[in-house]
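Structural characterization, general
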Amino acid sequence: MPSFDIVSEVDKHQLTNAVDQVNRTVTNRFDFKGVDAEVEMSDFSLVVRAEVDMQVDQIVDMLRGALIKCDIDPLAMEVGEKEQSGKQVKVGVTLKNGLDKELSKKIVKLIKDEKLKVQAAVQGEQVRVTGKKRDDLQQVIALLRSKELEQPLQFNNFRD
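Conventions we followed
- Residues numbered from 1 in each chain as written.
- Predicted model: local features only at pLDDT ≥ 70, side-chain atom pairs only at ≥ 80, totals over all residues.
- Heavy atoms only, no water.
- UniProt positions renumbered as here; feature names shortened; annotations may be inferred.
- Axes fitted to C-alpha atoms, helices over the stretch in contact; angles between N-to-C directions.
- Helix = DSSP H or I, 4+ residues; strand = E, 2+ residues; numbered from the N terminus.
- Parallel < 35°, antiparallel > 145°, perpendicular 65-115°, else oblique.
- Left-handed = near helix turned anticlockwise from the far one by under 90°.
- Contact = heavy atoms within 4.5 Å.
- Nonpolar A, V, L, I, M, F, W, Y, C, P; charged D, E, K, R; others polar.
- Pairing = 2+ DSSP bridges.
- Expected span 1.5 Å × (residues − 1).
- Buried < 20%, exposed > 50% of the residue type's maximum accessible area, 1.4 Å probe, protein only.
- Arc of directions from axis to C-beta.

In the nomenclature of an unreviewed UniProt entry, the chain is known as Nucleotide-binding protein ACCI51_11375 of Microbulbifer echini. Note on the chain: under the UniProt heading Sequence similarities (unreviewed entry), the record states "Belongs to the YajQ family." Taken verbatim from the UniProt record of the chain, the Function (unreviewed entry) comment is "Nucleotide-binding protein."

So this is what it looks like as structure tokens:
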């Protein structure tokens, strides 16, 4: 029986490339000369540091652009609150990796409401969709791509 998995993953290697690209841009840009500003990465959480909150906003925008260039959907990026600490302003940025239970249930409900001849089951941080026909599975993929969900989705492990 044909099946595929719905996941939401961020490629860590591409994320590292995007962060390095932003740090290089910050060191080379004229308006950041002599300014202590950088992006630090640990796992899937980032910390953007600069001296003024306007600079933090600029770096977050550069990070968003770098993520797009590295084929990471900026919907996966969640920007936290700005914190003033001494001479610096910090903001935490987390990248959503994996589907949480609420979003998985929402996806399953969307699929079942369409009344297609497929079964959707939550398996940890992914949703497996199975059906008798490949066309039904492709309709599910088209349906989910047309919906605006709060997290980017990838469809992998398509088996015939």
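A look at the packing of helix α3 (residues 101–113) against helix α4 (residues 134–146)
Running from amino to carboxyl end, α3 crosses α4 at an angle of 120 degrees, the nearest separation of the two axes being 11 Å. When the interaxial angle is binned, α3 and α4 end up oblique. α4 is crossed by α3, and the crossing has right-handed handedness. Only V140, L143 and L144 of α4 make contact with α3, whose side of the interface consists of I107, L110 and I111. Split into classes, the residues belonging to the contact of α3 with α4 amount to six nonpolar, no polar and no charged.

Thoughts on the sheet that holds strand β4 (residues 77–85)
Across the sheet, which stays open at both edges, the four strands sit in the order β2-β3-β5-β4 with antiparallel pairing between neighbours. With partners counted over all chains shown, the strands left at the sheet margins are β2 (38–42) and β4, one partner each. With strand direction ignored, the average angle separating the axes of adjacent strands in the sheet is 20 degrees. Both β2 and strand β3 (residues 45–50) contribute to a ladder of five bridges, which runs antiparallel. Of the residues in β3, the one forming a bridge with M41 is L46.

Some words on α4
Between its first and last C-alpha atoms α4 spans 19 Å; for 13 residues at 1.5 Å apiece the expected length is 18 Å, and the two agree. Taken together, the buried positions of α4 are D136, L137, V140, I141, L143 and L144. The buried residues of α4 occupy an angular sector of 160 degrees when projected down its axis, which confines them to one face. Every exposed residue of α4 that faces more than 90 degrees away from the buried side is listed here: D135, R145 and S146. Contact partners of the buried residues in α4: β1 (3–7), α3, β6 (118–123), β7 (126–131) and β8 (154–159).

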